[in-house]
Amino acid sequence: MKNYNNMETGYINEGGQLKSKNGQKYVVNQYCRNPEPGYYISKSCAAVYIILFLVMMILTALMTYLLLVPSCALDNSSNGTIYTGSIWSPISNHEEEAHTNGDGVLSDQAKNDDPIVIEDEIEFPEGWKPIHYDLLLEPHIENATSRGTVDILMLRDENVKDLKPIVLDITEIEITDCKVASNDRNDIDLGLDYICEYGKDNDSYVINLKKTKFPINNVTVQLEFVSKLGSTLTGFYKGSFMNEETKETSTFVSTQFSPIDARRAFPCLDRPYAKATFKISMIRPTAKKLSISNMPIESIEVVRPGFIRENFKVTPKMSTYLVAFHISDLKMGKTIENDSSLPTIKMYAQPEYENMTNFAFNLTVESLKFFEKYFDIKFQLPKIDMVAVPDFGFNGMENWGLITFRESALLAPENTNKSSSIAHLQRISRTLVHEVAHQWFGNLVTMQWYDDLWLKEGFSTYLHYVGTDAIKPEWDYFKTITVYEFNQAMPKDCDSSSRPISFKVRTKSDIRRVFDPISYSKGALIINMMRGFLGEAAFRLGLTNYLRKFEYGNAVQDELWEAMTMNARKERVLDESYSVKEIMDSWTVDSAGFPVVTVSRNGTNIILKQQRYFLPHVNESDDTKWFIPLTYSSSRRVAESEIPEHWMSNKQSEIILEDMVSEDEWIHFNVNRTGYYRVNYDQLSWKNLLRNFKSLSDVTRAQLIDDSFALARANLTNYDVPITFGIFLRAYPLDYLSWWSFANGLEYVTNMIRREPAYENFRTVVRYSVKNAYEELGFDEDPEDTDIDLLHRARIVNMACQFGIDRCTVKAQLMFREWIANKVENKIAPNLKATIYCITLREGGSQEWNFAFKQYQETTSASEKEVLLDALGCTQEPWLLSKYLNMTISSDSSIRKQDGSRVFASVAKNIVGTELAFDFLYTNIGEIAEYFGDGFSTISKMIDSVTTFMNKDYHKENFQRFAEKANKLGLIAIEKSIKLAEIEIDKNIFWRNHLYTQLKDNLDKAVVDLRLTN
Ligand SMILES: [Zn+2]
């Protein structure tokens, strides 16, 4: 029974029917309306069915109807019985089931009777664990299905006494045959008695075993099934691209299983804790050039003319979300084989992109070498493939040994016309080094459940800084964590919507939601904080011990804290009375959000207080407290390490440090911004820091600017502090980090006041502060420029053009016109393209827009396409913006699904486009939900970007109407995004009502004091 595999010789696929090649068995599941369990179809009957089937082929309309009736399955060998309920029919037409009539208007039924859907909690079936999967799949692109068999070796959990049913996860999978064989006693046929049936809502497949005289401890579940090849970039999905070599459309199939979509491709226990080994086989047409999976190919066999079967080697023990396979005509770019110090590395991309993989290839080689050394653990698989998938919902996915990317996150063109900006190269490394770090953190050791998702995401985000800093020293990259990640995490962690980083994930929507900046960016920052207070040596040793101890297994965060505490004690960096768990729990389990530490003076003493930072305004009665590592530098001393001199425990709301500073001395807390908190100062301390701005490090300067903007927004300090910092920056034209921080801080204020009278003085003040830097750096790049110079100039030019330094705008348009005149040679420097394109389209009309759109269609650079997509949303012509929005839901518009939210956001953040974008979303929500599916977060991103300028009560009323409509449509997956957006609007309304006037007064004063003219 173990060798049973009905697909050994392959299927003949006939228009959606299923037939084994030996002709003995016919499964005509869709045709049978009143199945009798265990019914046989004899050979003679089969012929009748075939004739009927051919008739059905002609009558396609009738067939669609027949396909929608409850299916059944027939079983001819075991004692088992298969019961099928009304299950998704693989070839059924989904559109017919939707509640919209296509143009997004609610149908009457949806308006009146749709109940509010409450999502079920995920169940955790006990009793059985999978050990090994033997999986064979054959995708059929033409009818969007995939047929397969899977043999799952399951072991009884010795801790569970009763004989429990075996429960497998499925989504839109039809099981056509189910058998269970015992492996307990090979010599005796145990004659297992069992019933196979679909679970609730067809979301699971349940095998109820009946007790026998012998104990049942080890069984093989054998299933035949049909799954759906999706088109929403999740599960096992299909797509296509224009093959420039053959000038034909080339189809591909690829996977995105994380977090819960392996169950769309094959029945499995689709949970990170259920690790098993996988032997994967794929059948494909020989005409396709590429077929890859997690492991290298072990053997190839011809299954029938024109089709081969590739059997891949058995994987190590791993979670289902890391399984991957891919069949296409992609071409191999750079590669390295037969290097004993490295696994085989192969890069894959569309034929015309194959020469764009060099940058990513080098990064792969270097990051693998780096992490092997850093963890002191070798990469575990014999090979690693890096694939630029032509349509991909995320940036990258760390599937073990087969990492998938969206094209723009992997490919860097090198010729002068299309070459990448430094910002783009950094984005590639942000994705790639993160995914490579996952091969250890996530793949080798996996979180037990999604409660601790942040462990893998936070660590990989943190580790990509460590890796990139070592591989690209010219980027001075590690310190950018203090600007970039803070700006990602804290704005999402400061209101009633924020959650503890480790929290109980109990529904499918919860699982998708935890892939957020809290898990990634806050995760990275509190790990950096832990590294700071433990010191590098204890931290690294703790990591390696943890990975070694749990390799090929799962862990929860407490097990990491244990490893860290042990090493901290060994290295004597942690007070005996503290444990890492006690400290870290205050940041990960006990609380959402983060503290603001307020520094005030009493003579030479310093008083430190902690309270929660909260928007729209701080709630004095909120008693949340954290275990805060306190590091400082002052006029008297420069901190030499990030190991704290003092702690404020989660029981203390105030501590006093004696004899720290005299009246004219400065003091600064949170050295190198390793602590995940903000610092506020009394007026004298702010003044002293401003006076000594020059003697502070670049990280500190950027930190003060960032904190001051955030504190002013929470009404904890006055807007004159960030405005003064901004004016001070005039004297620091080359301070890359501070300008970055300043630009971040301006963004929110700009959005809030762009339609207000205060904008005029605001623009004048910003122009005044940026003018020096713009003049110093100029518009043109210099061959002597470092990468940081290039990044910095791009930011300054953007600010200069955005805030209306005329020469900047004129120059940008001039360069764009030169490009229109000479299409073949685009002389615009890659680093300045984003600004120049956007400014020209903002100032121009349909001629510029149409030119840019044509370039978008024609360019062979994925990154250039993205820059153009962003710029197309900059036009001030409403009708062009409407046209552009409508393209996002039209499959023949050349806007790919993966870019839908990008296009939408580019319009939504344009002051002319924001209402149009909201109107579009409101009117078409049904259609949009249908088009993008709920697997990845396109609609959530759309909702997120639409609130940018909403700061009035009537905005909120409009938004609530949208929320009601989405609710009636039963769009559970976006429920959370809607709530977040509502909170965002409340925060904006509060800001407009309470802080606008204060900012305006400060700006008016600055204009008078500096004698500026508008
Ligand atoms: Zn990740």
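Since we're looking at a predicted model, the values are computed, not measured. (Residues numbered from 1 in each chain as written. Predicted model: local features only at pLDDT ≥ 70, side-chain atom pairs only at ≥ 80, totals over all residues. Heavy atoms only, no water.)

1. Quick look at the overall build of the protein chain
Reasoning step 1: Secondary structure assignment for the protein chain yields 29 helices and 32 strands.
Reasoning step 2: By residue count, 61% of the 1014 residues in the protein chain fall in the buried class.
Reasoning step 3: Contacts spanning at least 24 positions in sequence make up 72% of the contacts within the protein chain whose residues lie at least 6 apart.
Reasoning step 4: As displayed, the protein chain has an accessible area near 39,200 Å², and 49% of this comes from carbon and sulfur atoms. (Helix = DSSP H or I, 4+ residues; strand = E, 2+ residues; numbered from the N terminus. Buried < 20%, exposed > 50% of the residue type's maximum accessible area, 1.4 Å probe, protein only. Contact = heavy atoms within 4.5 Å. Areas by Shrake-Rupley, 256 points an atom, 1.4 Å probe, with all protein chains shown as cover.)

2. Considerations on the UniProt feature "site: Transition state stabilizer" (unreviewed entry) in the protein chain
Reasoning step 1: Using the residue numbers shown here, the UniProt feature "site: Transition state stabilizer" (unreviewed entry) corresponds to Y520.
Reasoning step 2: Residue placement: Y520 occurs in helix α9 (residues 517-534).
Reasoning step 3: Discounting chain neighbours no more than four positions away, the residues touching Y520 are H434, E457, G458, T461 and F515.
Reasoning step 4: Polar side-chain contacts of Y520 include one of 3.5 Å to the side chain of E457. (UniProt positions renumbered as here; feature names shortened; annotations may be inferred. Polar contact = N/O pair within 3.5 Å; in protein donor to acceptor, adjacent residues only side chain to side chain.)

3. Description of the pattern of salt bridges
Reasoning step 1: Summed over all chains, the structure comprises 65 salt bridges.
Reasoning step 2: R512 is the partner of D261 in a salt bridge, and the nearest nitrogen-oxygen pair spans 3.3 Å. In this pair, D261 sits in the loop between β12 (248-256) and β13 (277-285) while R512 sits in helix α8 (residues 508-513), placing the two residues 251 residues apart along the sequence.
Reasoning step 3: Taking the shortest distance from any N to any O, the salt bridge between E858 and K854 comes out at 3.1 Å. Of this pair, E858 and K854 both sit in helix α21 (residues 846-858), four residues apart, roughly one helical turn.
Reasoning step 4: Given the relative accessible area of 46%, E858 is considered partly exposed.
Reasoning step 5: Connected through shared salt-bridge partners, E172, K228, D261, R264 and R512 make up one network. (Salt bridge = Lys/Arg side-chain N within 4 Å of Asp/Glu carboxyl O.)

4. Some points on the coordination of the zinc ion
Reasoning step 1: At this site the zinc ion is bound by H434 (NE2), H438 (NE2) and E457 (OE), with donor distances of 2.0 to 2.1 Å.
Reasoning step 2: Sequence positions of the donors to the zinc ion reduce to the motif H-x3-H-x18-E. Of this pair, H434 and H438 both sit in helix α5 (residues 422-438), four residues apart, which is roughly one turn of that helix.
Reasoning step 3: Residue classification places H434 among the buried positions, given a relative accessible area of 8%.
Reasoning step 4: Owing to a relative accessible area of 0%, H438 belongs among the buried residues under this scheme. (Donors = N, O, S within 2.8 Å, 3.2 Å for Na, K, Ca; no water.)

5. Details of the packing of helix α17 (residues 759-777) against helix α18 (residues 787-802)
Reasoning step 1: Interaxial distance between α17 and α18 falls to 9 Å at its minimum, and their mutual angle equals 130°. Judged by the angle between their axes, α17 and α18 are oblique. As α17 runs across α18, the sense of the crossing is left-handed. Residues V770, A773, Y774 and L777 of α17 pack against H792, R793, I796, V797, M799 and A800 of α18.
Reasoning step 2: Taken together, the residues that form the contact of α17 with α18 break down as eight nonpolar, one polar and one charged. (Axes fitted to C-alpha atoms, helices over the stretch in contact; angles between N-to-C directions. Parallel < 35°, antiparallel > 145°, perpendicular 65-115°, else oblique. Left-handed = near helix turned anticlockwise from the far one by under 90°. Nonpolar A, V, L, I, M, F, W, Y, C, P; charged D, E, K, R; others polar.)

6. Quick notes on the state of the cysteines
Here a disulfide denotes one covalent bond, and it connects the sulfur atoms of two cysteines.
Reasoning step 1: Per the stated rule, a full pass over the model turns up three disulfides.
Reasoning step 2: The side chain of C178 participates in a disulfide bridge whose partner is C196; the two sulfur atoms lie 1.9 Å from each other. Classification of the bridge connecting C178 and C196 rests on its S-S torsion, roughly -60°, and on that basis the disulfide is left-handed. Taken together, the positions of C178 in strand β7 (residues 173-182) and C196 in strand β8 (residues 194-198) put the pair 18 residues apart, joining distant regions of the chain. Pair check on accessibility: C178 and C196 agree, each one buried.
Reasoning step 3: Disulfide partner of C801: C808, at an S-S distance of 1.9 Å. Given an S-S torsion of about -90°, the disulfide between C801 and C808 has left-handed geometry.
Reasoning step 4: Since its relative accessible area comes to 0%, C801 is described here as buried.
Reasoning step 5: With its disulfide-bonded cysteines labelled consecutively along the sequence, the protein chain is connected as 1-2, 3-4, 5-6. (Disulfide = S-S within 2.5 Å.)

7. Description of helix α23 (residues 878-887)
Reasoning step 1: What α23 keeps buried is the set L880, L881, Y884, L885 and M887. Seen end-on, α23 carries its buried residues on one side only, within an arc spanning 155°.
Reasoning step 2: On its buried face, α23 sits against α21, α22 (862-872), α24 (900-908) and α25 (914-932). (Arc of directions from axis to C-beta.)

8. Considering the packing of aromatic side chains
Reasoning step 1: Under the defined criterion, the tally for this structure stands at 67 aromatic pairs.
Reasoning step 2: Between the aromatic rings of F459 and F539, the centroid separation amounts to 6.4 Å while the plane-to-plane angle is 15°, which identifies the pairing as stacked. Here F539 lies in helix α10 (residues 536-550) and F459 lies in helix α6 (residues 453-471), a separation of 80 residues in the sequence.
Reasoning step 3: Of the residues examined, F539 reaches a relative accessible area of 0% and is grouped as buried.
Reasoning step 4: Judged by centre distance (6.0 Å) and plane angle (40°), the ring pair of F709 and F742 falls under tilted. Highlighted residues: F709 in helix α14 (residues 698-713) and F742 in helix α16 (residues 736-753), separated in sequence by 33 residues.
Reasoning step 5: Given the relative accessible area of 10%, F709 is considered buried. (Phe/Tyr/Trp six-rings, centres within 6.5 Å; stacked < 30°, edge-to-face > 60°.)

9. A short note on the sheet that holds strand β16 (residues 307-312)
Reasoning step 1: Judged by pairing direction, the sheet is mixed, and its seven strands sit side by side in the order β7-β10-β5-β4-β13-β16-β15 without closing on themselves. Each of the sheet's edge strands pairs with one partner strand only, and the pair in question is β7 and β15 (297-304). For this sheet, the mean angle separating the axes of adjacent strands, direction not counted, is 15°.
Reasoning step 2: One ladder, built from five bridges, connects β13 with β16; its direction is antiparallel. (Pairing = 2+ DSSP bridges.)

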